[in-house]
Amino acid sequence: MITIGVLGLQGAVDEHMNQVKSAGEQAVLVKKPEQLGDIDGLIIPGGESTTMGKLMDHYGFKEPIAAFYKQKKPIFGTCAGMVLVAKELCSSEAPHLELMDITVKRNGFGRQRESFEAPLLIKGMDDPFQGIFIRAPLAVRVSENVEVLASFEENIVAARQEHVLISAFHPELTEDNRFMQLFIDMIKNPVY
Ligand code: GLN
C-alpha cells in the first residue's frame, strides 16, 4: 500500500482523502511541511488558488514541495492545484510552484459557464470520464514535453509532465476512481 498526502490548507480536502482510501491506498492530511517526508505522492486540491498560495507561503511549503518534486515524487494538482503548479499564469499574478511547463488561465471558462459537467475522453481510458468543472482553469499553452490527456472544446483540461499530473476538473467529486488510479499508477510504476 502507498501513502498519498492531501495538502490540507484549504479546499476540497476530504473528498480527495476519501477517494484515495476508496482506491485502497492510505491517505494522510498534510498540514505541516515535515509530513512530506512520510508520503509517496502529494495531491494539491481544488479551492481558491490565491488563498492556498498565500497559506503555502505562510506555512513554509514552497521550498519543501520543490524539494519533494526534485526527488521525483509524484504531484497531482486539481483545479486550484493546477493553477498552483503552472509555470505561468495568463494574468499578472505570480504562480507559486512552477512545476509544469504550461500557461494557465484561471476561471478559463468564463462567468457564463462557472460550473458544468461534461463527459471527457481521457487518454488511456476506454469509456468517457465525467468531468465536474467548478470555476475551472484551462491550459492555454503546454510545452512539447507535456502529454495532453484530455481536452474539452479544444481546451486542455488534463495533462502530465513527467511526475506531475493536472486536471482542471474535479475527479474526487465522482465515484469514479479511474483518474485517481492514474495518479496511483504514476507512484507505483515510476517512469521518470
Ligand atoms: N477558480 C479557482 C482558482 O482559480 C479554482 C476553482 C476550483 O478549484 N474549483 O483558484
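Quick notes on the rules
- Residues numbered from 1 in each chain as written.
- Predicted model: local features only at pLDDT ≥ 70, side-chain atom pairs only at ≥ 80, totals over all residues.
- Heavy atoms only, no water.
- Near = heavy atom within 4 Å.
- Polar contact = N/O pair within 3.5 Å; in protein donor to acceptor, adjacent residues only side chain to side chain.
- Areas by Shrake-Rupley, 256 points an atom, 1.4 Å probe, with all protein chains shown as cover.
- Nonpolar A, V, L, I, M, F, W, Y, C, P; charged D, E, K, R; others polar.
- Phe/Tyr/Trp six-rings, centres within 6.5 Å; stacked < 30°, edge-to-face > 60°.
- Lys NZ or Arg CZ within 6 Å of the ring centre and 35° of its normal.
- Helix = DSSP H or I, 4+ residues; strand = E, 2+ residues; numbered from the N terminus.
- Buried < 20%, exposed > 50% of the residue type's maximum accessible area, 1.4 Å probe, protein only.
- Salt bridge = Lys/Arg side-chain N within 4 Å of Asp/Glu carboxyl O.
- Disulfide = S-S within 2.5 Å.

**Q** What should I look at first to understand the site of the ligand in this one?
**A** Neighbouring residues of the ligand: Gly46, Gly47, Glu48, Ser49, Cys79, Ala80, Arg106, Asn107, Ile134, Arg135 and His170. In the environment of the ligand, an oxygen atom lies 2.7 Å from a nitrogen or oxygen atom belonging to the side chain of arginine 106. Contact between the ligand and histidine 170: a nitrogen atom at 3.0 Å from a side-chain N or O atom of the residue. Calculation on the ligand without its partners gives an accessible area of 300 Å², and the protein chains cover 97% of this total. In terms of residue class, the shell around the ligand is built from 3 nonpolar, 5 polar and 3 charged.

**Q** In this structure, what is going on with the packing of aromatic side chains? I would like to understand it.
**A** One pair of aromatic rings is described through two measures. These are the centre distance and the angle between the planes. Evaluated as defined, the whole model comprises 12 aromatic pairs. Ring centres 5.2 Å apart and planes at 70 degrees place the aromatic pair phenylalanine 109 and phenylalanine 116 in the edge-to-face group. Chaining the aromatic ring pairs together yields one cluster made of Phe76, Phe109, Phe116, Phe129, Phe133, Phe152, Phe169, Phe179 and Phe183. Looking at arginine 113, its charged tip hangs above the ring of phenylalanine 116, at a distance of 4.8 Å from the centre.

**Q** I tried to follow the environment of glutamate 34 on my own but got confused; where do I start?
**A** Position of glutamate 34 relative to the elements: it lies in the loop between β2 (26-30) and β3 (41-44). Here glutamate 34 falls in the exposed class, since its relative accessible area comes to 57%. For glutamate 34 and proline 64, which are 30 residues apart along the polypeptide, the C-alpha to C-alpha distance reads 8.1 Å.

**Q** Please clarify how the pattern of salt bridges should be interpreted in this entry.
**A** Oppositely charged side chains can form a pair if their charged atoms are brought close together. Evaluation of the coordinates by the stated rule reveals 11 salt bridges. Among the salt bridges present, the one from arginine 141 reaches aspartate 101, with a minimum N-O distance of 2.9 Å. In this pair, arginine 141 is assigned in strand β9 (residues 138-142) and aspartate 101 in strand β6 (residues 100-105), connecting sequence segments 40 residues apart. Here arginine 141 falls in the partly exposed class, since its relative accessible area comes to 30%. Between glutamate 147 and arginine 160 there is a salt bridge; the shortest N-O distance is 3.0 Å. Separated by 13 residues along the polypeptide, glutamate 147 in strand β10 (residues 147-152) and arginine 160 in strand β11 (residues 155-161) bring together distant segments of the chain. Exposure remark for glutamate 147: the relative accessible area of 28% places this residue in the partly exposed category. Look at the salt bridges and you will find they share partners, linking Lys87, Glu88, Asp101 and Arg141 into a network.

**Q** Looking at this structure, how should I read the state of the cysteines?
**A** Linking two cysteines covalently through their sulfur atoms gives a disulfide. Enumeration according to the criterion identifies 0 disulfides in this entry. Sulfur of cysteine 90: no disulfide; nearest cysteine sulfur belongs to cysteine 79 and is 15 Å away. Overall, cysteine 90 belongs to the partly exposed group, its relative accessible area being 45%.

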